[in-house]
Amino acid sequence: APVSPRLMADLAISDRGVAVVRKLVASAGEKIDRTDGQQMNALAYALASGEIAATERLLKAGARTQALVGQQPVPVALIPVMARQFDAIRLLRK
């Protein structure tokens, strides 16, 4: 069974956990931008929960800011804009 995007976001909270994410993507064929039943991916969960460090780790692991998420699909990069999360907006602008 595929790894849930929420679990990937939770793993990305730590350096050790994101190493697991990278290994799953590289060797187990997991897709870092996979969406779940809520149409959310790991990057969307990290951004929605304000996890800036996890967001940065997921980006470095290959998560795409232009991936579409949500029931009314929008690019994941718009999540911090809509939520007025200025630290996350600055991170995504790098």
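All of the points below concern the structure found in this document.

**Quick notes on the side chain of Glu30**
Assignment of secondary structure puts Glu30 in the loop between α2 (15-27) and α3 (42-48). Take Glu30: its relative accessible area is 11%, and that puts it in the buried class. A polar atom in the side chain of Glu30 sits 3.2 Å from the backbone nitrogen of Val3. Excluding anything up to four places from it in sequence, Glu30 contacts Ala1, Pro2, Val3, Met8, Leu24 and Val25.

**Quick look at the packing of helix α4 (residues 52-60) against helix α6 (residues 86-93)**
Two numbers describe how α4 lies on α6: the axes approach to 10 Å, and their chain directions differ by 20°. On the basis of the axis angle, α4 is roughly parallel to α6. Viewed along their axes, α4 and α6 form a crossing whose handedness is right-handed. On the side of α4, the interface is formed by Ile52, Thr55, Glu56 and Leu59, while α6 contributes Asp87, Ala88, Leu91 and Leu92. The class makeup of the residues in the contact of α4 with α6 is five nonpolar, one polar and two charged.

**Details of the pattern of salt bridges**
Counted under the stated rule, the structure contains five salt bridges. A salt bridge links Asp15 to Arg57, with the shortest nitrogen-to-oxygen separation between them at 2.8 Å. Of this pair, Asp15 sits in helix α2 while Arg57 sits in helix α4; the two residues are 42 residues apart in sequence, bridging distant segments of the chain. You can call Asp15 exposed: its relative accessible area is 54%. Here Arg57 falls in the buried class, since its relative accessible area comes to 18%. Residue Glu30 is joined to Arg34 by a salt bridge in which the shortest nitrogen-to-oxygen separation is 3.4 Å.

**Remarks on the nonpolar core**
The biggest cluster of nonpolar side chains holds 22 residues, and the ones touching the most others in it are Ile32, Leu58 and Val76. If you list the elements that add at least two residues to this core, you get α1 (5-11), α2, α3 and α4. In terms of residue count, α3 provides more of this core than any other element does, six residues in total. Beyond its immediate stretch of four places on either side in the chain, Ile32 contacts Met8, Val21, Val25, Asn41, Ala42, Leu58, Ala61, Gly62 and Ala63.

Cut-offs applied
Residues numbered from 1 in each chain as written. Predicted model: local features only at pLDDT ≥ 70, side-chain atom pairs only at ≥ 80, totals over all residues. Heavy atoms only, no water. Helix = DSSP H or I, 4+ residues; strand = E, 2+ residues; numbered from the N terminus. Buried < 20%, exposed > 50% of the residue type's maximum accessible area, 1.4 Å probe, protein only. Polar contact = N/O pair within 3.5 Å; in protein donor to acceptor, adjacent residues only side chain to side chain. Contact = heavy atoms within 4.5 Å. Axes fitted to C-alpha atoms, helices over the stretch in contact; angles between N-to-C directions. Parallel < 35°, antiparallel > 145°, perpendicular 65-115°, else oblique. Left-handed = near helix turned anticlockwise from the far one by under 90°. Nonpolar A, V, L, I, M, F, W, Y, C, P; charged D, E, K, R; others polar. Salt bridge = Lys/Arg side-chain N within 4 Å of Asp/Glu carboxyl O. Core = buried A, V, L, I, M, F, W, Y, C linked by side-chain atoms within 4.5 Å.

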